[in-house]
Amino acid sequence: MLAELVIHNIAIVERMSIRFTEGFNVLTGETGAGKSIVLDALTLALGANANPAIIRAGCEEATVAAVFVEVDPELLRAADIEPEDEVCLRRTITRSGRGRAYINDMPVRLKQLKDIGNALLTVHGQHEQQALQHVERHLAQLDAFAKAEEEAAAYHAAYTRLRELTLQAEELQKAANQRQEQQDLLEFQCRELADAKLTAGEDLSLETERSRLHNAGKLLDAAQNGYEKLYGGAQALTGELDKVAGALEASQHLEPKFAPLAEALRNALYGVEDVALQLRDYARHTQNSPERLSEIEERLQLLNRLKRKYRATDTAALLEKLSLLQTEITRLAQLDETVENTLHLQEETRALLEARGATWSEKRRQAAPLLAQRVVAELADLAMPNARFEVRLTPLEKPGPNGLESGEFYFCANAGEELKPLAQIASGGELSRLMLAIYCAAPAQCGTLVFDEVDAGLGGRAGTAVGRKLRDVARTHQVLCVTHLPQVAACANQHWRIEKHEDDSGRTVATATHLEGESRDMEMARMLGGPQITATALANARELLTLATSDSLPLFSNDE
């Protein structure tokens, strides 16, 4: 719902703020007072094209903001905007032609502002027929009338599934066509890795052994020298330690403190002997083998080449790659069966789509003439007794995203004329009344509806009918209407008067005044009787306002 419109420096508006309510809101005023400026500003806030010439003389920038409440959070989330209690669509326009758009003070692209705005509010008037000009919305209007939500949801689910299966089948078929070449490559890679007889950690083990063989001479010398000095030589350390330990043991009866020292020395001697014997064994079994070193170098070269080729860090990663290759080879071997199964599912889903589409189409075919009858009946009440309206459904060559057919509204206003698509109807007044008739006959697709000059050329009973129908639509949707007819204005829940006057500096400015009580009586009397408000006009105005709250709104006008 549109809660507030704030306009700054647009045309003759210096600053204007209009607060709207639920139900039926009406704007009245003399011709040229600025009512069209209000609607132009509103469309700018919703993303309409901007002309810098609309900026108030002497100003460099103009701003308009439309504040909405009770907005579906999913609408904002779909646009990556965090939902809030209020949604403000704001637009600035500069003399240079550059402008900026914001949603809740977050900069957005103009298209994003327009998409959100079109979902929140629809304008119908002499120049703006957004809903009717989009043919794709005609089917949506028919479906809403037909209450075909379940049929539409079932069809869309099958349509989405069919698209997924079609893409999957195309990819699988493409893979099947390229399979032989791919399979040959995979089998070659698999053989290459399998023939290498890889083991996890092998590369690290070989690198350690290679390092040992490269330094075999040094290691052998270290082991032999160590053995000789510790045990095997004439002056080996173990012999000296044995002598010292023996001397301490021989003297321990004279000095008891030698006993633990001798024991500690014996333990150390045993440890040194163990080290010496291990060094001896190492020296006996260590060989400087150029043949083994060559084997290791060759093996490491193979492993490193495979790691580079398959972008692996170690042999464990190569083994994982081998497993993946084997899995992919198995998948390719089963590809024909997978393609066949997918094509079978595709045909089943296509048949399901056709069946669900046929059910949806039948509901549309049944609803189309009923909607046309309702709309024609509503148009007769709107001073268009000879109007004709038709919903034409055209079968598609193949199922589309919105069913098995396209749909379009056709209309003619006068007897003897040919039915034409709505896009070819030139009269904004006729289109406004037609849209009003459609909204009376079927639910609207937008929360807020704006009607500009919907009563153009009407008076008397036709004007009264327009007022009643706008009041009816306003029971379920917020309605904003610019009108010159008192019969229409009387039906409103809230009344604003737009007028212009000169300010203290002598400049013309437009202002908006909320009318209630006596001020509204006076405006209604002006609309009934002209600028000279008589007692009779004032009495008629009050009677009209009183009766407007009931279903007995009188069918009269100032020309009757």
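Cut-offs and rules
Residues numbered from 1 in each chain as written. Predicted model: local features only at pLDDT ≥ 70, side-chain atom pairs only at ≥ 80, totals over all residues. Heavy atoms only, no water. Helix = DSSP H or I, 4+ residues; strand = E, 2+ residues; numbered from the N terminus. Buried < 20%, exposed > 50% of the residue type's maximum accessible area, 1.4 Å probe, protein only. Contact = heavy atoms within 4.5 Å. Polar contact = N/O pair within 3.5 Å; in protein donor to acceptor, adjacent residues only side chain to side chain. Pairing = 2+ DSSP bridges. Patch = residues over 30% accessible without salt bridge, like charges linked within 9 Å, V, L, I, M, F, W, Y side chains within 5 Å. Areas by Shrake-Rupley, 256 points an atom, 1.4 Å probe, with all protein chains shown as cover. Salt bridge = Lys/Arg side-chain N within 4 Å of Asp/Glu carboxyl O. Lys, Arg positive; Asp, Glu negative; His and termini not counted. Charge placed at Lys NZ, Arg CZ, Asp CG, Glu CD. Arc of directions from axis to C-beta. Axes fitted to C-alpha atoms, helices over the stretch in contact; angles between N-to-C directions. Phe/Tyr/Trp six-rings, centres within 6.5 Å; stacked < 30°, edge-to-face > 60°. Core = buried A, V, L, I, M, F, W, Y, C linked by side-chain atoms within 4.5 Å. Parallel < 35°, antiparallel > 145°, perpendicular 65-115°, else oblique. Left-handed = near helix turned anticlockwise from the far one by under 90°. Nonpolar A, V, L, I, M, F, W, Y, C, P; charged D, E, K, R; others polar. pLDDT = per-residue confidence, 0-100.

Caption draft 1: Here's a closer look at the overall build of the chain. Regarding its fold elements, the chain presents 19 helices and 15 strands. Scored against the burial criterion, the 560 residues of the chain give a buried share of 45%. For the chain, contacts bridging at least 24 residues in sequence account for 69% of all contacts bridging at least 6.

Caption draft 2: A look at the side chain of E4. Position of E4 relative to the elements: it lies in strand β1 (residues 2-10). Judged by relative accessible area, which is 14%, E4 ranks as buried. A polar contact is formed between the side chain of E4 and the side chain of S17, at a distance of 2.6 Å. Discounting chain neighbours no more than four positions away, the residues touching E4 are S17, I18, R19, F20, A65, A66 and V67.

Caption draft 3: Up close: the pairing of strand β5 (residues 86-94). As paired elements, strand β4 (residues 61-69) and β5 share 9 bridges and run antiparallel to each other. Within the sheet, the bridge partner assigned to A62 lies in β5 and is I93. The turn linking β5 back onto strand β6 (residues 99-103) is made up of 4 residues, and G97 within it adopts a positive phi angle of 95 degrees.

Caption draft 4: Representation of a negative patch on the surface within the structure. Residues E82, E84, D85 and E86 make up a contiguous surface patch of negative charge. Tracing the sequence through the fold places E82 in the loop between α2 (73-77) and β5. Judged by its relative accessible area of 61%, E82 is exposed.

Caption draft 5: A look at helix α3 (residues 110-120). Residues of α3 that are buried: Q112, L113, I116, G117 and L120. Angularly, the buried residues of α3 cover 130 degrees about the axis, an arc narrow enough to put them on a single face.

Caption draft 6: Summary view of the pattern of salt bridges. Here the structure, examined in full by the defined rule, presents 26 salt bridges. D472 serves as the salt-bridge partner of R475, at 2.4 Å between the closest nitrogen and oxygen. Its relative accessible area of 35% is what places D472 among the partly exposed residues.

Caption draft 7: Main features of the sheet that holds strand β2 (residues 13-19). Ordered in space as β2-β1-β4-β5-β6-β7, the 6 strands form an open sheet in which the pairing is antiparallel. Edge strands, defined here as strands with exactly one partner in the open sheet, are β2 and β7 (106-107). With respect to the sheet, helix α1 (residues 35-45) is in contact with β1, β2, β4 and β5, its orientation differing from that of β1 by roughly 105 degrees. Strand contacts of α3: β4, β5 and β6, with the helix running at about 135 degrees to β5, the strand carrying the most contacts.

Caption draft 8: Local environment of the packing of aromatic side chains. If you walk through the whole model with that rule in mind, you get 4 aromatic pairs. Here Y439 and F451 contribute two aromatic rings whose centre-to-centre distance is 6.4 Å and whose plane-to-plane angle is 80 degrees, an arrangement assigned as edge-to-face. Within this pair, whereas Y439 is found in helix α15 (residues 428-441), its partner F451 is found in strand β12 (residues 448-452), the two being separated by 12 residues in sequence. The exposure classification of Y439 matches that of F451, with both residues buried. Cluster of aromatic residues (ring-pair linked, three or more members): Y155, Y159 and W360.

Caption draft 9: Inspection of the nonpolar core at higher detail. Formed by 66 residues in total, the largest nonpolar core has its most connected members in F24, L371, V375, F389, F411, F451 and L470. Sequence-distant contacts of L470, defined by excluding residues within four places in its chain, comprise F24, L436, F451, V454, V479, C481 and V488. Core analysis: the second largest hydrophobic core is formed by 44 residues, L2, I55, I103 and V108 among them.

Caption draft 10: Seen up close, the sheet that holds strand β9 (residues 388-400). Sheet architecture is open: 3 strands sit in the order β9-β10-β11, paired in antiparallel fashion. Here the strands that pair on one side only, and so sit at the sheet edges, are β9 and β11 (420-421). Strand direction decides the pairing type here: strand β10 (residues 403-412) and β11, joined by 2 bridges, are antiparallel. Bridging from a neighbouring strand, Y410 pairs with P421 of β11. Each of β9 and β10 is contacted by helix α5 (residues 136-146), which is oriented at about 95 degrees to β10, the strand it contacts most. Those strands touched by helix α14 (residues 335-381) are β9 and β10, and its axis lies near 165 degrees from that of β9.

Caption draft 11: Fine view of the pairing of strand β13 (residues 478-482). By the criterion of burial, β13 is predominantly enclosed, with 5 of the 5 residues buried. Burial along β13 is two-sided: the face carrying Q478, L480 and V482 and the face carrying V479 and C481 are both buried. Relative to β13, strand β3 (residues 24-28) runs parallel, the two sharing 4 bridges. Across the sheet, N25 pairs through a bridge with L480, a residue of β13. Sheet topology places β12 next to β13; 5 bridges connect them, and they run parallel. In the sheet register, F451 faces β13, and the bridge partner there is C481.

Caption draft 12: How the structure looks around the packing of helix α18 (residues 518-529) against helix α19 (residues 535-547). Contact pair α18 / α19: the axes reach a minimum separation of 8 Å and the direction vectors enclose 110 degrees. Regarding the angle of α18 to α19, the classification is roughly perpendicular. Between α18 and α19 lies a crossing whose hand is right-handed. Note on element contacts: α19 touches α18 through A537, L538, N540, A541, R542, L544 and L545, opposite E518, R520, D521, M522, M524, A525, L528 and G529. Of the residues in the contact of α18 with α19, the class split is 9 nonpolar, 2 polar and 4 charged.

Caption draft 13: Seen up close, the environment of L76. With respect to the secondary-structure elements, L76 resides in helix α2. Sequence-wise, L76 and I116 are 40 residues apart; in three dimensions their C-alpha atoms are separated by 7.8 Å. Those residues in contact with L76, other than ones at most four positions away along the chain, are V71, I81, P83, E84 and V87.

Caption draft 14: Local environment of the confidence of the model for the chain. Averaged over every residue, the pLDDT of the chain is 84; the share at 70 or more is 89%. With pLDDT under 50 throughout, residues 126-130 is counted as low confidence; its partners more than four residues away or in other chains account for 17 contacts. Confidence over residues 554-560 falls short of pLDDT 50; this stretch has 20 contacts with residues more than four positions distant or in other chains.

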